[in-house]
Amino acid sequence: MKVVHVKDPDSREACLAQLCADVYGQDAGLTPLVTFAGTLGVLFEQQAARLFALTGDEGQTLAMALLSSDLDGKTMELAMLSTPQGDGVQTHGRELVKQLAAKAPLRVLAQDEAGEAFFKSAKIERWIDAEGGTRVGLGPCHPEPANGALPKMVRFDGDGIVKTFKQQPETFETYKTRFLEALERYPRITL
């Protein structure tokens, strides 16, 4: 197994579409498409996100992660994580997070005790409390928060994207087509 930074635009778009579909599922309404559009149109355009995959010996994708950057580009946050193959969900996802945290100034968000336990098993051992009861795990390469505050992350405006889709149906159709075509391409890519 190895970690691959997915840089090729076609492969990255296919992986991103699959990642959004895996994370949000089919009953999530527009959320997968809005995340896909925001990541492509904002985060990737501003070079504020990177997509990584844990691959098997034959290049098959075992797990994928999207990392987003803070405003200064000094730390990263795990934005999405999935294991599209369905097997080894815990094992492959844990291994990908563990390898990324060992090399990048990574932070993760845990919504509950099970999430925190998962990340702790991936060697995320420093934890702080954030707003809304969320726990933030800091990887070994992540600096200590300055004055108790973490850097702000680069985000996209999901509500703004939905408004754009409603006001500009051609934009909606363009992203919908790109998303569906990327999902169709995904099974044929080798990283």
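Owing to the predicted nature of the structure, the values given are computational and were not obtained by experimental measurement.

**Let's talk about helix H4 (residues 113-120)**
Turning to H4, its buried residues number three or more, namely Gly115, Glu116, Phe118 and Phe119. End-on view of H4: buried residues confined to an arc of 160 degrees, all on one side of the axis. Turned more than 90 degrees off the buried face of H4, the exposed positions are Glu113 and Ala114. Between a side-chain oxygen at the N-terminus of H4 and the backbone nitrogen of Ala114 the separation is 3.3 Å; the capping residue is Asp112.

**Describing the side chain of Glu77**
Among the secondary structure elements, Glu77 is positioned in strand S4 (residues 76-82). For Glu77, the side chain forms a polar contact with the side chain of Arg107, separated by 3.2 Å. What Glu77 contacts, discounting residues up to four positions off in sequence, is Leu66, Leu67, Ser68, Leu106, Arg107, Leu109, Met153 and Arg155.

**Side note on the packing of aromatic side chains**
All chains considered together, the criterion is met by four aromatic pairs. Centroid distance Phe165 to Phe172: 5.4 Å. Interplanar angle 70 degrees. Geometry classified as edge-to-face. Note on Phe165 and Tyr175: the rings are 6.2 Å apart at their centroids and 45 degrees apart in plane angle, and the pair reads as tilted. With a gap of 10 residues between them, Phe165 in helix H5 (residues 158-167) and Tyr175 in helix H6 (residues 169-185) connect regions that are remote in the sequence. The buried category is assigned to Phe165, whose relative accessible area is 6%. Residue Tyr175 is classed as buried on the basis of its relative accessible area, which comes to 17%. Lying over the aromatic face of Phe44, Arg12 brings its terminal NZ or CZ to 3.9 Å of the ring centre.

**So, helix H1 (residues 9-24)**
Here H1 contains 16 residues, and its C-alpha end-to-end distance of 22 Å stays within 8% of the 22 Å for a straight helix at 1.5 Å per residue. Residues of H1 that are buried make contact with helix H2 (31-44), strand S2 (49-55), strand S3 (61-69), S4 and H6. Trailing H1 by a residue or two, Gly25 shows a phi angle of about 75 degrees, which is positive.

**Some points on the environment of Val162**
Position of Val162 among the secondary structure elements: in helix H5. Through-space distance from the C-alpha of Val162 to that of Phe172 is 8.7 Å; in sequence the pair is 10 residues apart.

**Some thoughts on the pattern of salt bridges**
According to the stated counting rule, one finds nine salt bridges in the structure shown. We note a salt bridge from Lys120 to Glu116, for which the minimum N-O separation is 3.1 Å. Linking Lys120 with Glu116, this pair stays in helix H4, spanning four residues, or about one helical turn. Residue classification places Lys120 among the partly exposed positions, given a relative accessible area of 41%. Glu116 sits in the buried class, given a relative accessible area of 11%. Here Arg135 and Glu116 are joined by a salt bridge, their closest N and O atoms 3.0 Å apart. Taken as a pair, Arg135 in strand S7 (residues 135-138) and Glu116 in helix H4 lie far apart in primary sequence, 19 residues in all. Residue Arg135 is classed as partly exposed on the basis of its relative accessible area, which comes to 23%. Overlapping salt bridges, with partners in common, bring together Glu116, Lys120, Asp129 and Arg135 in one network.

Scoring rules and cut-offs
- Residues numbered from 1 in each chain as written.
- Predicted model: local features only at pLDDT ≥ 70, side-chain atom pairs only at ≥ 80, totals over all residues.
- Heavy atoms only, no water.
- Buried < 20%, exposed > 50% of the residue type's maximum accessible area, 1.4 Å probe, protein only.
- Helix = DSSP H or I, 4+ residues; strand = E, 2+ residues; numbered from the N terminus.
- Arc of directions from axis to C-beta.
- Polar contact = N/O pair within 3.5 Å; in protein donor to acceptor, adjacent residues only side chain to side chain.
- Contact = heavy atoms within 4.5 Å.
- Phe/Tyr/Trp six-rings, centres within 6.5 Å; stacked < 30°, edge-to-face > 60°.
- Lys NZ or Arg CZ within 6 Å of the ring centre and 35° of its normal.
- Expected span 1.5 Å × (residues − 1).
- Salt bridge = Lys/Arg side-chain N within 4 Å of Asp/Glu carboxyl O.

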